[in-house]
Amino acid sequence: QVQLVESGGGLVQPGGSLRLSCTASGTIFIMYAMGWYRQTPGKQRELVAIISNGDNINYADSVKGRFTISRDNAKNTVYLQMNSLKADDTAVYYCNAKAAARHPIRPDDYWGQGTQVTVSS
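Being a predicted model, the structure only gives us computed values, none of them experimental.

Mind showing me how you'd approach the side chain of Asp108 here?
Checked against the element boundaries, Asp108 lands in strand S10 (residues 108–111). Exposure remark for Asp108: the relative accessible area of 16% places this residue in the buried category. Within the local environment of Asp108, its side chain forms a polar contact with the side chain of Arg102, the two groups lying 3.1 Å apart. Each residue touching Asp108, except ones within four places of it in the same chain, is listed here: Ala97, Lys98, Ala99 and Arg102.

In structure tokens:
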């Protein structure tokens, strides 16, 4: 199994910054991608940013130019630097890993427990 541990959420004023971290542990054959999703009450979980092997990166349109995702492959850790935060960014942020762990090649989705980000004055 793969365990994901997140940190870095909290309360920040509009225009402020936060940095989220997520580290994956367990027996992992191949880590294909790591990323961040977010969810607010009554809404579906949505992609924020994802970084895959070869450093291919995708961002949600709503965070482009404000958020930066990066990854430390040696540590199986992904970071999300969030700048110019807005009230609309308030959500529970979930770390996601697409990893081959139960099978040497086939990936499964793994999720962290979620960390609350609140943007409010």
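That shown, we press on.
Even after reading the chapter, I still don't get unusual backbone geometry, so can you show me in this structure?
The bulk of non-glycine residues show a negative phi, and the bulk of peptide bonds are trans. Positive phi is not limited to glycine here, since Asp55 has a value of about 60 degrees. Residue placement: Asp55 occurs in the loop between strand S5 (46–52) and strand S6 (56–59). Although it is not a glycine, Asn76 adopts a positive phi angle of roughly 50 degrees. Along the chain, Asn76 turns up in the loop between strand S7 (67–72) and strand S8 (77–82).

Thresholds applied
- Residues numbered from 1 in each chain as written.
- Predicted model: local features only at pLDDT ≥ 70, side-chain atom pairs only at ≥ 80, totals over all residues.
- Heavy atoms only, no water.
- Helix = DSSP H or I, 4+ residues; strand = E, 2+ residues; numbered from the N terminus.
- Buried < 20%, exposed > 50% of the residue type's maximum accessible area, 1.4 Å probe, protein only.
- Polar contact = N/O pair within 3.5 Å; in protein donor to acceptor, adjacent residues only side chain to side chain.
- Contact = heavy atoms within 4.5 Å.

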